[in-house]
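Architecture and fold: a report
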Amino acid sequence: MVKWEDPHVIALSIRAYTLFLHLMIGAYLWEYLLNLDFDWAILRRTRKISRGTVLYLLIRYGTLFVACVSLGVTNAFHDPGCKVWMRIQRGSANFAVTIGAGLLYARVWALSEGNVFVVWGLGTLYLANWAITIYGVYAATGVYVPAMYICASDDLPVHRVVVIYQLAFDLICLWAMLYLLMRMHRGGSNSLWQFLVNQGVLYFIAICLVYILDLTIFSLHVNKVVKQIPGAFRAVVTCIAASRMQRGLIEFVEKRPVVTSTNATGGFFNRGANGVRSTTHGQESEHPIELTVESWGRGQTSGVYVVDKPESKSGFAV
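Keep in mind the model is a prediction, meaning the values are calculated, not measured.

1. Here we look at the layout of surface pockets
Computed from the structure, the second largest pocket encloses a volume of approximately 210 Å³. Lining the second largest pocket, in full, are Phe 195, Asn 198, Gln 199, Leu 202, Tyr 203, Ala 206, Val 237, Ile 240, Ala 241, Arg 244 and Met 245. Of all elements in the fold, only α7 (191-219) and α8 (224-255) reach the threshold of two or more residues within the lining of the second largest pocket. Counting residues per element, the lining of the second largest pocket draws most heavily on α7, at 6 residues.

2. Notes on the pattern of salt bridges
One pass over the structure, following the stated rule, counts 4 salt bridges. With its nearest N and O atoms 2.7 Å apart, the salt bridge here joins Arg 244 to Glu 31. With Arg 244 in helix α8 and Glu 31 in helix α1 (residues 7-34), the pair connects residues that are 213 residues apart, well separated along the chain. Of the residues examined, Arg 244 reaches a relative accessible area of 44% and is grouped as partly exposed. The class of Glu 31 is buried, set by a relative accessible area of 4%. One salt bridge connects Arg 60 with Asp 39, and the closest N-O pair in it is separated by 2.9 Å. Of this pair, Arg 60 sits in helix α3 (residues 51-73) while Asp 39 sits in helix α2 (residues 36-43); the two residues are 21 residues apart in sequence, bridging distant segments of the chain. A relative accessible area of 0% places Arg 60 in the buried class. By relative accessible area, Asp 39 is classed as buried at 0%. Because the salt bridges share partners, they merge into one network encompassing Glu 31, Arg 244 and Arg 247.

Rules used throughout
Residues numbered from 1 in each chain as written. Predicted model: local features only at pLDDT ≥ 70, side-chain atom pairs only at ≥ 80, totals over all residues. Heavy atoms only, no water. 1 Å grid on protein atoms, 1.4 Å probe; cavity = no way out; pocket = protein on both sides within 12 Å on 5 of 7 lines; lining within 4 Å. Points joined across faces, edges and corners; volume = space filled by probe spheres on them. Helix = DSSP H or I, 4+ residues; strand = E, 2+ residues; numbered from the N terminus. Salt bridge = Lys/Arg side-chain N within 4 Å of Asp/Glu carboxyl O. Buried < 20%, exposed > 50% of the residue type's maximum accessible area, 1.4 Å probe, protein only.

Below you can see the structure in the form of structure tokens.
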């Protein structure tokens, strides 16, 4: 039987943790560089900036910041002030994960068409998510291990509470999103509905696997170092999945073919790359629009999509 508190075993565990963390950092940097052109298009304004793209960038660069900090605290040749740096690392990691949960909340908000119970109910839970995240940052502690040149976290009980709540909130949002998608599906199918369902199912599977793995190892009778190893995997997978969901939705909307729909006054809209060409009583005019998940859900009829003009105040633009 392994003596998990043996100094030699702890040293090996720290080495394993460091190597695995560096592997996760490398995986995220690969993902970051692979999609850097998408970020550049947003910064150059060749892609529309919306609330969704802002949250997307916060996840991407928040996780990149975590990677840089993690490299520093696992290659510390002297004590850099581990308590402070562990708070920075834990805070920025939880910040990125909570922003990802915000994207899920926004989708549920849009699909529910601003339902007051959904908006305020999930909104309260989301604010509680932020409160627990902030408390987790405040409670974070770290110790310097000079033999291994690393800052190690020492706040596992609080960290477990944060992880459990994050898992619960994500699952509630995903169940609500899939339920709303199923409810609005009235026979037949269309590409946007299928796309959103597929994204939801894949994200549901991904977060279930990584959170369950994290909590399972945390509950085992092992040392504190081993219990922290799955945390890096969970954070990286969650942030990559959330950013890919949003990026995929943006690209899906951009690549959709021209769609014809009818407005309330009998005019017709043909969606083009830069907006909408409306035809009413033989007159044509250009109207830039935003395609929202909310407007798609409300206006879907027989495979024809209705899109809203910019003055519409409801929905969540991609």
